[in-house]
Amino acid sequence: MDLEAVRTFVAVAEAGQFQKAATDLSITQQAVSKRIAALERDLGVRLFTRTPRGAEPTIDGQAFLPHARELLRTAERAVASVRTGHRPLRVDVINSRGAASGLMRGFHRAHPGIELDVLMLFDIEQAVAALRSGAIDASFRAVAAPGRPLPEDIASARVLDEPLQLLTGPAHALAGARSVTLAELAGHRIWMPGVVPGTEWTAYYDDLVAEFGLTIEATGPNFGSDALLDTIADTPALATFMGEHTRLIWPAGHGLRRIPVTDPTPVYPHALLWHRDNPHPALATLRAHLTATAAGHDAAGTWRPGWVIPH
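Since the structure is predicted, the reported quantities are computational estimates derived from the model, not experimental observations.

### Re helix α3 (residues 29-43)
For α3, built from 15 residues, the straight-helix expectation of 21 Å at 1.5 Å per residue is met to within 8% by its first-to-last C-alpha distance of 21 Å. Restricting attention to buried positions, one finds in α3 the residues Val-32, Ile-36 and Leu-39. When α3 is viewed along its axis, its buried side chains cluster within an angular range of 60° and face the same direction. Opposite the buried face of α3, by more than 90 degrees, sit the exposed residues Gln-30, Lys-34 and Arg-41. Of the residues trailing α3, Gly-44 is marked for its positive phi of about 75°.

### Thoughts on the layout of surface pockets
When its volume is computed, the largest pocket comes out at roughly 980 Å³. For the largest pocket, the lining is made up of 32 residues, of which Ile-94, Asn-95, Gly-194, Trp-201 and Thr-246 are closest to its centre. Elements represented by at least two residues in the lining of the largest pocket include exactly α5 (99-110), β6 (154-168), α8 (200-212), α9 (225-234), β10 (238-243) and β12 (265-275). When its residues are assigned to classes, the lining of the largest pocket shows 19 nonpolar, 11 polar and 2 charged.

### Some details on the pairing of strand β1 (residues 48-51)
Every other side chain in a regular strand lies on the same face of the sheet, so the side chains alternate between the two faces. Taken together, the 4 bridges between β1 and strand β2 (residues 54-57) define a ladder with antiparallel strand orientation. Along β2, the bridge assignment pairs Arg-50 with Ala-55. Where β1 folds back onto β2 in an antiparallel hairpin, the turn is made up of 2 residues.

### Here we look at the confidence of the model for the protein
Summary statistics for the protein give a mean pLDDT of 90 and a share of 95% for residues scoring 70 or more. Strand β7 (residues 180-181) holds the highest mean pLDDT among the elements of the protein, 97, whereas helix α4 (residues 59-82) holds the lowest, 86.

### Description of the packing of α5 against helix α10 (residues 281-293)
Packed helices, taken two at a time, are described by the angle their axes make and the gap between the axes. Direction vectors running N to C along α5 and α10 enclose 110°, while the axes themselves pass 11 Å from each other. What the angle tells us is that α5 and α10 run roughly perpendicular. When you trace α5 past α10, the crossing you get is right-handed. Counting all contacts with α5, which are made through Leu-103, Met-104, Gly-106, Phe-107 and Ala-110, the residues of α10 involved are Ala-282, Thr-285, Leu-286, His-289 and Leu-290. Residue composition of the contact of α5 with α10, grouped by class: 7 nonpolar, 3 polar and no charged.

### Looking at the pattern of salt bridges
Summed over all chains, the structure comprises 13 salt bridges. For Arg-69, the salt bridge is made with Glu-14, and the minimal N-O distance between the two is 3.4 Å. Pair noted here: Arg-69 is in helix α4 and Glu-14 is in helix α1 (residues 3-15), with a separation of 55 residues, a long-range link. Its relative accessible area of 31% is what places Arg-69 among the partly exposed residues. Note that Asp-92 is salt-bridged to Arg-141, the shortest N-O span being 2.7 Å. With Asp-92 in strand β3 (residues 89-92) and Arg-141 in strand β5 (residues 138-141), this pair connects stretches of sequence that are 49 residues apart. When its relative accessible area of 0% is taken as the criterion, Asp-92 is described as buried. With a relative accessible area of 1%, Arg-141 lands in the buried category. Connected via shared salt-bridge partners are Glu-4, Arg-7 and Arg-35.

Thresholds, definitions, all that
Residues numbered from 1 in each chain as written. Predicted model: local features only at pLDDT ≥ 70, side-chain atom pairs only at ≥ 80, totals over all residues. Heavy atoms only, no water. Helix = DSSP H or I, 4+ residues; strand = E, 2+ residues; numbered from the N terminus. Expected span 1.5 Å × (residues − 1). Buried < 20%, exposed > 50% of the residue type's maximum accessible area, 1.4 Å probe, protein only. Arc of directions from axis to C-beta. 1 Å grid on protein atoms, 1.4 Å probe; cavity = no way out; pocket = protein on both sides within 12 Å on 5 of 7 lines; lining within 4 Å. Points joined across faces, edges and corners; volume = space filled by probe spheres on them. Nonpolar A, V, L, I, M, F, W, Y, C, P; charged D, E, K, R; others polar. Pairing = 2+ DSSP bridges. pLDDT = per-residue confidence, 0-100. Axes fitted to C-alpha atoms, helices over the stretch in contact; angles between N-to-C directions. Parallel < 35°, antiparallel > 145°, perpendicular 65-115°, else oblique. Left-handed = near helix turned anticlockwise from the far one by under 90°. Contact = heavy atoms within 4.5 Å. Salt bridge = Lys/Arg side-chain N within 4 Å of Asp/Glu carboxyl O.

Given below as structure tokens:
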């Protein structure tokens, strides 16, 4: 359906005259008549009745009018959604409770006038495809795992090295520790059902296991963070890793402990990815904000895998 014909139909219906609609649209009356005739052929109905006062919508025209207006509004929204600077900045944060979500909340507080769409994509391949297609403007990821380099048109910058903590229930052998070393974790069962083969976070934990001889189990279905917390609280033999900036709430009766890991402190490397040709003006503002707030990269006493991109 020709949107210009639909626009002309709405203009005639509102003006009540072909000539007035032609003036409003800055076209000739003949062009208005041709557009209305073409639209009537497409729809198979008459849309107007000529009267001494001008043109009045027929019953079919009256039925079509609200839908025509909605078609035009939808078209305007569609154009606005891809017009650089006139649409929200679309950012993938992986999950709503993690460090990336916290970074975006900080950005929103600092720049409340920038409209945001926050999305949660699963893996890095999906995120990179969305960046290259323009579906999103930026994504928070850990990059780049061995054998999986980023495409040349995708840029990245480290924005946060997040220390890991050990999360235990009250009856765990390490629950009373003020801190725990990586060496002390050897032999303890660390349960992480969200560790999925092929993801960047699995590559990170594979390196951590290989480096320090840890035991990380990913058995069983992943029912989400609430089920994970319930299990850790009730199972003395299990613990899990949690990012220092991960925001979790659990019932007071769980008695969970968050214990810093040291000697060295493993840090999870968060990076921002974006397409090098993305012109959205708010993307530059986001990058500048994250650069200004970034801290802890390559700090003494920390560990990160060797494949992490340099800062």
